[in-house]
Amino acid sequence: MIGLFEDESRSDPPSGSHFASTLDGFRRFAQRLVILTVGFALFASIPSHAGQADVNVPMRRDIGATTIDRAGAAPDDVVTVTELVRQEIEMLRRELGVKDFPPRAESHDSRRPIHIYVKALEVMSKVAAVQRRLGVPESSVPGMPLAGLSSDDVLLVLQDIVGGIRAIKTQMVIESGVDTGTLSTPRTLSAAYKNLADSSAMLDGLVGRGLTTEQVFQGVRSIAEDLNLVAAELQVALEANAPVVADVRESADIAQQALRAAYKVVLLQSRLGLEPSAVPTLTLVRVTPAEAYDLIGILRAELARIKWHLGIDMPAPEIVELSQARNLVDVFAQMLLVVRNLDLLAAGIET
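Residues numbered from 1 in each chain as written. Predicted model: local features only at pLDDT ≥ 70, side-chain atom pairs only at ≥ 80, totals over all residues. Heavy atoms only, no water.

**Q** It is not clear to me how the confidence of the model for the chain should be interpreted in this structure. Could you clarify?
**A** Parts of the model with low pLDDT should not have their predicted coordinates read in detail. Mean pLDDT over the chain works out to 79, with 76% of the residues at or above the 70 mark. In the model of the chain, helix α2 (residues 50-53) stands out as the element of lowest mean pLDDT, 30, in contrast to helix α4 (residues 113-134), which has the highest, 95. For the stretch residues 1-23, pLDDT sits under 50, and the model shows 13 contacts to residues farther than four places along the chain or on other chains. (pLDDT = per-residue confidence, 0-100. Helix = DSSP H or I, 4+ residues; strand = E, 2+ residues; numbered from the N terminus. Contact = heavy atoms within 4.5 Å.)

The structure is reproduced here in structure tokens:
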């Protein structure tokens, strides 16, 4: 490249005529122009650092640029709609005379969009349950995203919740609205998640009951099926049968194992080369089935990230359980199976 800028008088060969000298000069000029053009194109094609250019680099190999998987700040519209959901539910409780005192959810730091989505599915399922109870046409609840998550996916499920609540208001001839000018939630995904977690707890009073043991059991079984998909992709053999548990168990025991599983999922993410999520910041004091179910939802979100990373774009098999009563011992045994299989996956990656 240095020679490109040397004095031309040193490189001009002697010529027999003025015409030949001129023609030769044009030829050399054309050659240098081509070289400079190619060099500039190569230089321009070098990508800048993704962080400096704010380019969204997806974890999974075939997800488009709309995929979102970052923790921290949230789009204003996402936070705004989650607070609107909370206020609409508060207003609906007042209009229908629900007087219980739902617990306030604990805050979780460093939430991601998939956490918001999974919690929104929980809220939407409860809105559908309220609709069934009141004789309102039931809204559909979407499934887990199979090939990544876009900001539109998050907004759509949040707007479905608002639409479901307003369908109840219309059917019940409730004309009260909420003051959207008072929305003041911090603009973070953690704040959006807490809005939805509080909304889920408040909906229990409208449904007429809290979470059942069967619902928690089904949530753990969904985690087990997701683990089976991951294990099949990684060619790791897992255990199929839950251990036998003889002792009486409580919700706190299940939450402890779910938190233990959360640490193991984060470790698995690191070993797979995926940016690990933050471990849930839950204080295990006076734990109810709702807190245990919250951790189960977080586990499902973390496994969804792993599935996207590995390119697994198929849904887990639909869970068809025998119609029998499930108790906390059954749920605890299933959580022990999840913890054991997470250990087997981690060991399989190492070997």
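More follows now that the structure is in view.
**Q** I would appreciate a short explanation of the layout of surface pockets in the present structure.
**A** Sizing a probe to match a water molecule and rolling it over the atoms shows the empty space that remains. By volume, the largest pocket is sized at about 1000 Å³. As for the largest pocket, its lining consists of 42 residues, of which Leu121, Met144, Ser222, Tyr293 and Arg300 are closest to the centre. Looking at the lining of the largest pocket, the elements with two or more residues in it are α4, α6 (189-207), α7 (213-234) and α9 (289-310). Here the element with the most residues in the lining of the largest pocket is α9; it accounts for ten residues. Looking at side-chain class alone, the lining of the largest pocket contains 21 nonpolar, nine polar and twelve charged residues. Considered as a void within the structure, the second largest pocket measures approximately 330 Å³ in volume. Lining the second largest pocket we find 22 residues, and of these Pro103, Ala201, Thr288, Ala290 and Glu291 sit closest to its centre. In the lining of the second largest pocket, the residues fall into nine nonpolar, four polar and nine charged. (1 Å grid on protein atoms, 1.4 Å probe; cavity = no way out; pocket = protein on both sides within 12 Å on 5 of 7 lines; lining within 4 Å. Points joined across faces, edges and corners; volume = space filled by probe spheres on them. Nonpolar A, V, L, I, M, F, W, Y, C, P; charged D, E, K, R; others polar.)

**Q** Explain the nonpolar core to me, please; I cannot follow it from the model alone.
**A** Across soluble globular proteins, you tend to see nonpolar side chains buried next to one another. Formed by 43 residues in total, the largest nonpolar core has its most connected members in Val85, Ile114, Leu158 and Ile161. Residue assignment for this core shows that the elements contributing at least two residues are α3 (76-96), α4, α5 (151-171), α6 and α9. Sorting elements by how many residues they give to this core places α4 first, with eleven residues. Among all residues touching Ile114, those that are not within four sequence positions of it are Pro145, Leu149, Ala301, Ala304, Arg305 and Trp308. Counting 38 residues, the second-largest nonpolar core is a separate cluster that includes Leu229, Val245, Leu272 and Val338. (Core = buried A, V, L, I, M, F, W, Y, C linked by side-chain atoms within 4.5 Å. Buried < 20%, exposed > 50% of the residue type's maximum accessible area, 1.4 Å probe, protein only.)

**Q** Please explain the packing of α4 against α9 as it appears in this structure.
**A** In helix packing, the relevant descriptors are the interaxial angle and the interaxial distance, both defined with respect to the helix axes. Contact pair α4 / α9: the axes reach a minimum separation of 9 Å and the direction vectors enclose 130°. Comparing the axis directions of α4 and α9 gives the class oblique. When you trace α4 past α9, the crossing you get is right-handed. Each of Ile114, His115, Val118, Lys119 and Glu122 in α4 lies in contact with α9, whose residues at this interface are Tyr293, Asp294, Gly297, Ile298, Ala301, Glu302, Ala304, Arg305 and Trp308. Residues belonging to the contact of α4 with α9 are distributed by class as follows: seven nonpolar, two polar and five charged. (Axes fitted to C-alpha atoms, helices over the stretch in contact; angles between N-to-C directions. Parallel < 35°, antiparallel > 145°, perpendicular 65-115°, else oblique. Left-handed = near helix turned anticlockwise from the far one by under 90°.)

**Q** How should I be thinking about the pattern of salt bridges in this particular structure?
**A** Counting across every chain of the model gives 21 salt bridges. For Arg93, the salt bridge identified is with Asp100, shortest N-O distance 2.8 Å. Of the residues examined, Asp100 reaches a relative accessible area of 33% and is grouped as partly exposed. In this structure, Glu239 and Arg340 form a salt bridge, with 3.1 Å as the shortest nitrogen-oxygen distance. Taken as a pair, Glu239 in the loop between α7 and α8 (251-271) and Arg340 in helix α10 (residues 328-350) lie far apart in primary sequence, 101 residues in all. Among the residues examined, Glu239 registers a relative accessible area of 35% and is labelled partly exposed. Residue classification places Arg340 among the partly exposed positions, given a relative accessible area of 37%. (Salt bridge = Lys/Arg side-chain N within 4 Å of Asp/Glu carboxyl O.)

**Q** Sorry, what's going on with the packing of α7 against α9 here?
**A** α9 packs onto α7 with a crossing angle of 20° between their chain directions and a minimal axis gap of 10 Å. Compared by their axis directions, α7 and α9 come out roughly parallel. Of the two possible hands of crossing, α7 and α9 adopt the one that is left-handed. Contacts from Gln215, Val216, Gly219, Val220, Ser222, Ile223, Asp226, Leu227, Leu229, Val230, Glu233 and Leu234 of α7 reach α9 at Pro289, Tyr293, Ile296, Leu299, Arg300, Leu303, Ile306, Lys307 and Leu310. Residue classes in the contact of α7 with α9 are distributed as 14 nonpolar, three polar and four charged.

**Q** Whenever I open this one, the environment of Leu299 confuses me. Can you help?
**A** Within the element layout of this structure, Leu299 appears in helix α9. In this structure Leu299 comes out as buried when scored by relative accessible area, which is 2%. Considering only alpha carbons, one finds Leu299 and Leu259, 40 residues apart in sequence, at a separation of 8.9 Å. In this view, Leu299 contacts Ile223, Ala258, Ala261, Ala262, Val265 and Met335; residues no more than four positions away in its chain are not counted.

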